[in-house]
Amino acid sequence: MDKFNVIFDIDGVIVDSEQLHFDVLCALAPDYTHHVQPQQLIGLSLEETLDYIGVPVQQQKEITAQIVSVYKDKLSKSYLRPGISGLISALQQHNISFGFVSTAPREVCLANLGLLELRESPVLISGDDVVRTKPHPDPYLAMLKLKSMDVHQTLVIEDTDLGITAATQAGIPYIYAWPHALSAAEQYQQATRIIGALTDIPQFFKINFA
């Protein structure tokens with residue numbers, strides 16, 4: 001199992017940030033958010049979110065810049081999901097290859113991943129790096145190619161049905177769903193397994209990460 005790779009989603013997996021994203025959106029676009037709930041926006045890119053809530057295209061660039069700036073200001077290590085820093089450190093210690101895939105803008109992704117204090121720059125496919133984001137397989141296909149990962153030896157950690165569909169369509173056979181407080185509407189029917197804690201991940205590799 002030591003040849004396996006891991007691909008992490010970011011928002012909802014590395015950071016428990018979905019509510020923060022929604023709160024920032026509501027603060028900056030109050031005229032467009034009174035009719036939506038955060039669960040409706042999980043997994044969507046920022047561009048898709050602004051389209052969904054009805055922000056006019058001509059206003060989206062300015063609002064996007066404001067959202068990214070305010071989000072980064074409010075972000076802190078308290079948003080890291082329990083155990084994720086330890087798991088990443090263990091993967092590094094055991095030379096297990098990993099990367100990150102997200103629909104978010106690269107600037108947001110790097111702010112989130114900065115909380116991990118990685119030894120090296122993260123290997124990342126963001127929403128800025130592909131034309132079609134999740135649920136299209138393109139982000140995962142791009143990561144597989146970028147890291148020369150064997151699709152049959154890759155584990156994905158996701159929190160949304162959109163992300164799981166993307167990984168499934170990319171041909172990745174091992175997909176773990178890790179729910180959080182806003183995951184109630186997710187079905188996870190395509191997931192290989194639904195986990196309650198990251199302690200299940202080391203078991204996949206049959207390695208003791210103690």
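Just above sits the structure.
Procedures and definitions
Residues numbered from 1 in each chain as written. Predicted model: local features only at pLDDT ≥ 70, side-chain atom pairs only at ≥ 80, totals over all residues. Heavy atoms only, no water. Buried < 20%, exposed > 50% of the residue type's maximum accessible area, 1.4 Å probe, protein only. Helix = DSSP H or I, 4+ residues; strand = E, 2+ residues; numbered from the N terminus. Pairing = 2+ DSSP bridges. Right-handed = clockwise from strand over helix to strand, strands pointing away. Axes fitted to C-alpha atoms, helices over the stretch in contact; angles between N-to-C directions. Parallel < 35°, antiparallel > 145°, perpendicular 65-115°, else oblique. Contact = heavy atoms within 4.5 Å. Nonpolar A, V, L, I, M, F, W, Y, C, P; charged D, E, K, R; others polar. 1 Å grid on protein atoms, 1.4 Å probe; cavity = no way out; pocket = protein on both sides within 12 Å on 5 of 7 lines; lining within 4 Å. Points joined across faces, edges and corners; volume = space filled by probe spheres on them.

Some remarks on the pairing of strand E2 (residues 98–101)
- On E2, burial covers both faces: Phe98 and Phe100 on one face and Gly99 and Val101 on the other are all buried.
- Inspection of the sheet shows strand E1 (residues 5–8) paired to E2 by three bridges, in the parallel sense. Its bridge partner being in E2, Phe8 is matched across the sheet by Phe100.
- When E2 meets strand E3 (residues 124–125), the two strands line up parallel, connected through two bridges. Bridging from a neighbouring strand, Val101 pairs with Ile125 of E3.
- Chirality of the crossover, the property in question, places the unit of E2, helix H6 (residues 106–114) and E3 among those that are right-handed.

A word on the packing of helix H4 (residues 57–74) against H6
- Interhelical geometry of H4 versus H6 gives an angle of 5° and a closest axis separation of 10 Å. In terms of their interaxial angle, H4 and H6 are classed as roughly parallel. The residues of H6 that touch H4, namely those facing Val68, Tyr71 and Lys72, are Glu107, Val108, Ala111 and Asn112.
- Of the residues that constitute the contact of H4 with H6, the class distribution is four nonpolar, one polar and two charged.

What about helix H5 (residues 84–93)?
- Those residues of H5 lying buried are Ile84, Leu87, Ile88, Ala90, Leu91 and Gln92.
- Here the buried face of H5 lies against E1, E2 and helix H9 (200–205).
- One or two steps after H5, the chain reaches Asn95, where phi turns positive at roughly 55°.

Focus on unusual backbone geometry
- The linkage connecting Lys134 with the following residue, Pro135, adopts the cis geometry, with an omega of 15°.
- Mapping Pro135 onto the fold places it in the loop between E3 and helix H7 (138–146).
- Positive phi, close to 55°, is recorded for Asn95, a residue that is not glycine.
- Along the chain, the position of Asn95 falls in the loop between H5 and E2.
- A positive phi is found at Ser148, a non-glycine position, where the angle reads about 50°.

So, the layout of surface pockets
- Empty space within the largest pocket amounts to approximately 290 Å³.
- Along the walls of the largest pocket sit 17 residues, with Ser45, Glu47, Thr103, Gly127 and Asp128 positioned nearest its centre.
- For the lining of the largest pocket, the leading source of residues is helix H3 (residues 46–53), giving four residues.
- In terms of residue class, the lining of the largest pocket is made up of six nonpolar, seven polar and four charged.
- The calculated volume of the second largest pocket comes to roughly 240 Å³.
- Gln92, Asn95, Ile96, Ser97, Phe98, Leu118, Arg119, Glu120, Ser121, Pro122, Val123 and Lys147 together form the lining of the second largest pocket.
- Among the residues forming the lining of the second largest pocket, the class breakdown is five nonpolar, four polar and three charged.

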